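Breakdown of the fold
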Amino acid sequence: SISTKGHCASFGEMLQDTAAIAVPVFDTGNNNIGALMVAAPLNRMRGNFDFLLGQLVRFGRQASGLRPDDAGPPAPDL
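Quick caveat: nothing in here was measured; it's all calculated off a predicted structure. (Residues numbered from 1 in each chain as written. Predicted model: local features only at pLDDT ≥ 70, side-chain atom pairs only at ≥ 80, totals over all residues. Heavy atoms only, no water.)

**Quick notes on the sheet that holds strand β1 (residues 8-11)**
One open sheet accounts for 3 strands, arranged β1-β2-β3; its pairing is antiparallel. Looking at the sheet topology across the chains shown, the edges are occupied by β1 and β3 (32-41). Sheet twist, expressed as the average angle between the axes of neighbouring strands with direction ignored, equals 15°. Bridge analysis of strand β2 (residues 18-26) against β3 gives 9 bridges, and the strand direction is antiparallel. In the sheet register, V23 faces β3, and the bridge partner there is L36. Packed onto the sheet, helix α2 (residues 42-63) meets β1, β2 and β3 and runs at close to 10° relative to β2. (Pairing = 2+ DSSP bridges. Helix = DSSP H or I, 4+ residues; strand = E, 2+ residues; numbered from the N terminus. Axes fitted to C-alpha atoms, helices over the stretch in contact; angles between N-to-C directions. Contact = heavy atoms within 4.5 Å.)

And the structure:
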């Protein structure tokens, strides 16, 4: 689940040839206020998943007001 992994991913579940990754965005009270998502062709996502997830997590943390060295969500299982 997104609460344990810190992200969710879809590989061809919504659209046959498309994959997507999403990470939560939190407010200062640690309440989920939204999400950031990136979508790509299925083969491209599979070939770049770790890189794209790492970048998306970084941007999700920034959108949550966290610096890279701050503790706190989201903390994905990479």
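So that's the structure; there's more coming.
**Overview of α2**
For α2, with 22 residues, the first-to-last C-alpha span of 26 Å runs short of the 32 Å given by 1.5 Å per residue. Helix geometry: α2 is bent most strongly at N48, by close to 80°. What α2 keeps buried is the set L42, M45, F49, L53, L56, V57, G60 and R61. Buried residues along α2 sit against β1, β2 and β3. (Expected span 1.5 Å × (residues − 1). Bend = angle between axes of the 7 residues up to and from the residue. Buried < 20%, exposed > 50% of the residue type's maximum accessible area, 1.4 Å probe, protein only.)

**Concerning the environment of L53**
Mapped onto the elements of the fold, L53 is located in helix α2. Taking the relative accessible area as the measure of exposure, L53 reaches 1% and is therefore buried. For the pair L53 and V23, spaced 30 residues apart in the sequence, the C-alpha separation amounts to 8.6 Å.

**Notes on the environment of L36**
Counting through the fold element by element, L36 comes out in strand β3. Judged by relative accessible area, which is 28%, L36 ranks as partly exposed. Between the C-alpha atoms of L36 and P24, which are 12 residues apart in sequence, the distance is 6.4 Å. Apart from residues lying up to four places away in sequence, L36 is in contact with I21, A22, V23, V25, L56, F59, G60 and A63.

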